[in-house]
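Residue-level structure breakdown
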Amino acid sequence: MTGEGGGEGGGGGGGGWGGGEREEEEEEEEEERGESLEDVLTRRTKEFNISTRERPEDVTNWLEFVALQNEFLQIQSRRRFVWVGSCGM
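Computed from a predicted model, the values in this text were never measured in an experiment. Numbering of residues starts from 1 in each chain and follows the order in which that chain's sequence is written. Totals for whole chains, interfaces and linings use all residues, but because this is a predicted model, local features are given only for residues with pLDDT of at least 70 and pairs of side-chain atoms are given and counted only at 80 or more. Only hydrogens and water are removed before side-chain values are computed, so all heavy atoms of the structure are retained for them.

Once that is clear, we can look at the pattern of salt bridges. The rule for a salt bridge is simple: a side-chain nitrogen of Lys or Arg has to be within 4 Å of a carboxyl oxygen of Asp or Glu. Evaluated as defined, the whole model comprises four salt bridges. R43 is the salt-bridge partner of E35, the closest N and O atoms lying 3.1 Å from each other. Taken as a pair, E35 and R43 share a single burial class, namely buried. Notably, a salt bridge pairs R43 with E47, separated by 3.5 Å at the nearest N-O pair. Taken together, the positions of R43 and E47, both in helix α2 (residues 37-54) and four residues apart, correspond to about one turn of that helix. Using a 1.4 Å probe on the protein chains alone, a residue whose accessible area is under 20% of its type maximum counts as buried, one over 50% counts as exposed, and one in between counts as partly exposed. In this structure E47 comes out as buried when scored by relative accessible area, which is 15%. Segments assigned H or I by DSSP are reported as helices when at least four residues long, segments assigned E as strands when at least two residues long, and all are numbered from the N terminus.

Structure below.
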C-alpha cells in the first residue's frame, strides 16, 4: 500500500496487525523525527483520514487504521499503568 498514508511503510497487507512489530516501527519513527507519541498519532491519523476519504472501499486501509488505533490505545494503557504504579498504589 502506497499513497497518501494508506499503510505507509510496513503494513504489508496487514502483517502489522499483531501489534509488536508495528509498535517497534512506530517507536523508531518517533525517535528519528523527535516526535512525541501524540505527534505521531496526530500525523498518522491525518494520513489515514485522507486515505480513507480517497479510497473508502479499501478494506485493508481501514483495517490498518483500526490496527494503528489499537496500538496507540495499548501504549496509552501501559503508560497509565506505569504512572499509577509509580505512585505506590
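Here the narrative resumes, following the displayed structure.
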